[in-house]
Amino acid sequence: SQQGEEDPQALSIQEGENATMNCSYKTSINNLQWYRQNSGRGLVHLILIRSNEREKHSGRLRVTLDTSKKSSSLLITASRAADTASYFCATDGVLIQGAQKLVFGQGTRLTINP
Amino acid sequence: GAGVSQSPSNKVTEKGKDVELRCDPISGHTALYWYRQSLGQGLEFLIYFQGNSAPDKSGLPSDRFSAERTGGSVSTLTIQRTQQEDSAVYLCASSLAGLAGIEQFFGPGTRLTVL
């Protein structure tokens, strides 16, 4: 079963507005990552937040992590048309010989309307 | 510095045929991962390589799926006797040393269509 579950499944907003996507997971984690995917192809890493961190910023991105609720949120401020993509959270609660086995959620499809 | 490359970008095959998908990781990345993504879905982990060895094959959906990696670099994912449910985008990723918390770099994927 999927470790991460994103909410909402789809989000459509006007350019300039803020977009918030949520991710919930089931087991304890070492870190949580957010990735973006354009046009159903390769994913691009956006940001990583460790289990002992509560908030992290990168440009227009803000990620929060609440380990007590096993949830994370990704906020994109001042959205642009180029932000239109699918966004996935990935957790790494399972380690195999020191390597991370990322488990991805189903993703949130974000559409920014001009 | 080239990123992760995959070939072919698209593959259309007939049910029952074998296919080979190729992944060229970023030079120096010892960890290599294969994922499968069905339409509108998240990524499903298939297999992980550390160097040439595959410590985790638990995600391979059936014995029709196999993968190998030679020389600690290029990897091929082989699907034998393809079925229609194998249709998906197959994504490869690589990372430094496979350590926890390390970013994975993804290739553009191979879109497989089984008719």
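Everything numeric here is computed off the predicted structure, so don't read it as measured data. (Residues numbered from 1 in each chain as written. Chains lettered and ligands numbered in written order. Predicted model: local features only at pLDDT ≥ 70, side-chain atom pairs only at ≥ 80, totals over all residues. Heavy atoms only, no water.)

Caption draft 1: Highlighting the pairing of strand β5 (residues 43-50) of chain B. All names here are of chain B. With six of eight residues buried, β5 is to be regarded as a mostly interior element. Across seven bridges, strand β4 (residues 31-37) lies against β5 in antiparallel orientation. Bridge pairing links Arg-36 to Glu-44 in β5. Between the antiparallel neighbours β4 and β5 lie five residues, among them Gly-40 with a positive phi of about 70°. Examined bridge by bridge, β5 and strand β6 (residues 53-56) share two bridges and lie antiparallel to one another. Following the sheet pairing, Tyr-48 is matched in β6 by Asp-56. (Buried < 20%, exposed > 50% of the residue type's maximum accessible area, 1.4 Å probe, protein only. Helix = DSSP H or I, 4+ residues; strand = E, 2+ residues; numbered from the N terminus. Pairing = 2+ DSSP bridges.)

Caption draft 2: Layout of the pairing of strand β2 (residues 10-14) of chain A. Residues and elements named next belong to chain A. The alternating pattern of β2 places Leu-11 and Ile-13 on a buried face, while none of Ala-10, Ser-12 and Gln-14, on the opposite face, is buried. Summarising the sheet, β2 and strand β11 (residues 108-113) pair through five bridges and their orientation is parallel. Its bridge partner lying in β11, Gln-14 is registered against Asn-113.

Caption draft 3: Representation of the state of the cysteines in the model. Per the stated rule, a full pass over the model turns up two disulfides over all chains. The disulfide partner of A:Cys23 is A:Cys89, and the S-S distance across this bridge is 2.0 Å. Judged by the sign of its S-S torsion, about 65°, the bond between A:Cys23 and A:Cys89 is right-handed. Linking A:Cys23 in strand β3 (residues 19-24) with A:Cys89 in strand β9 (residues 85-96), this pair joins segments that are 66 residues apart in sequence. A:Cys89 shares its class with A:Cys23; the two are buried. The side chain of B:Cys23 participates in a disulfide bridge whose partner is B:Cys92; the two sulfur atoms lie 1.9 Å from each other. The sign of the -65° torsion about the S-S bond sets the B:Cys23-B:Cys92 disulfide as left-handed. In this pair, B:Cys23 is assigned in strand β3 (residues 19-24) and B:Cys92 in strand β9 (residues 88-95), connecting sequence segments 69 residues apart. Judged by relative accessible area, which is 0%, B:Cys92 ranks as buried. (Disulfide = S-S within 2.5 Å.)

Caption draft 4: Just unusual backbone geometry, in detail. Residues A:Asp7 and A:Pro8 are joined by a peptide bond in cis, for which omega reads 0°. Tracing the backbone through its elements, the reader meets A:Pro8 in the loop between β1 (5-7) and β2. Residue B:Pro8 follows B:Ser7 across a cis peptide bond; omega there is -10°. Considering the arrangement of structural elements, one finds B:Pro8 in the loop between β1 (5-7) and β2 (10-13). Of note in the backbone geometry, A:Lys70 takes a positive phi value of approximately 50° without being a glycine. When its relative accessible area of 30% is taken as the criterion, A:Lys70 is described as partly exposed. In this structure, B:Arg81 takes a positive phi of about 45° despite not being glycine. B:Arg81 gets classed as partly exposed once you look at its relative accessible area, which sits at 43%.

Caption draft 5: View of the sheet that holds strand β8 (residues 71-76) of chain A. All names here are of chain A. Taken in spatial order, the five strands of this open sheet run β1-β3-β8-β7-β6, and their pairing is antiparallel. Since the sheet does not close on itself, it has two edges, and those belong to β1 and β6 (55-58), each with one partner. Geometrically, the sheet is characterised by an average inter-axis angle of 20° between neighbouring strands, direction not taken into account. Two strands pair when backbone bridges link them, and β3 and β8 are joined in this way by six bridges, in the antiparallel orientation. Across the sheet, the residue bridging to Cys-23 is Ser-72, located in β8. (Axes fitted to C-alpha atoms, helices over the stretch in contact; angles between N-to-C directions.)

Caption draft 6: Structural context of the packing of aromatic side chains. Evaluation of the coordinates by the stated rule reveals eight aromatic pairs over all chains. Ring centres of A:Phe104 and B:Phe106 lie 6.1 Å apart, and the angle between their planes is 80°; on these two criteria the pair is classed as edge-to-face. With A:Phe104 in strand β10 (residues 99-104) and B:Phe106 in strand β10 (residues 105-106), this residue pair bridges two chains. In terms of burial, A:Phe104 and B:Phe106 fall into one category: buried. Taken together, a centroid distance of 6.1 Å and an interplanar angle of 75° make the contact between B:Tyr35 and B:Phe45 edge-to-face. Note that B:Tyr35 is positioned in strand β4 and B:Phe45 in strand β5, a separation of ten residues in sequence. Chaining the aromatic ring pairs together yields one cluster made of A:Tyr35, A:Phe104, B:Tyr33, B:Tyr35, B:Phe45, B:Tyr48 and B:Phe106. (Phe/Tyr/Trp six-rings, centres within 6.5 Å; stacked < 30°, edge-to-face > 60°.)

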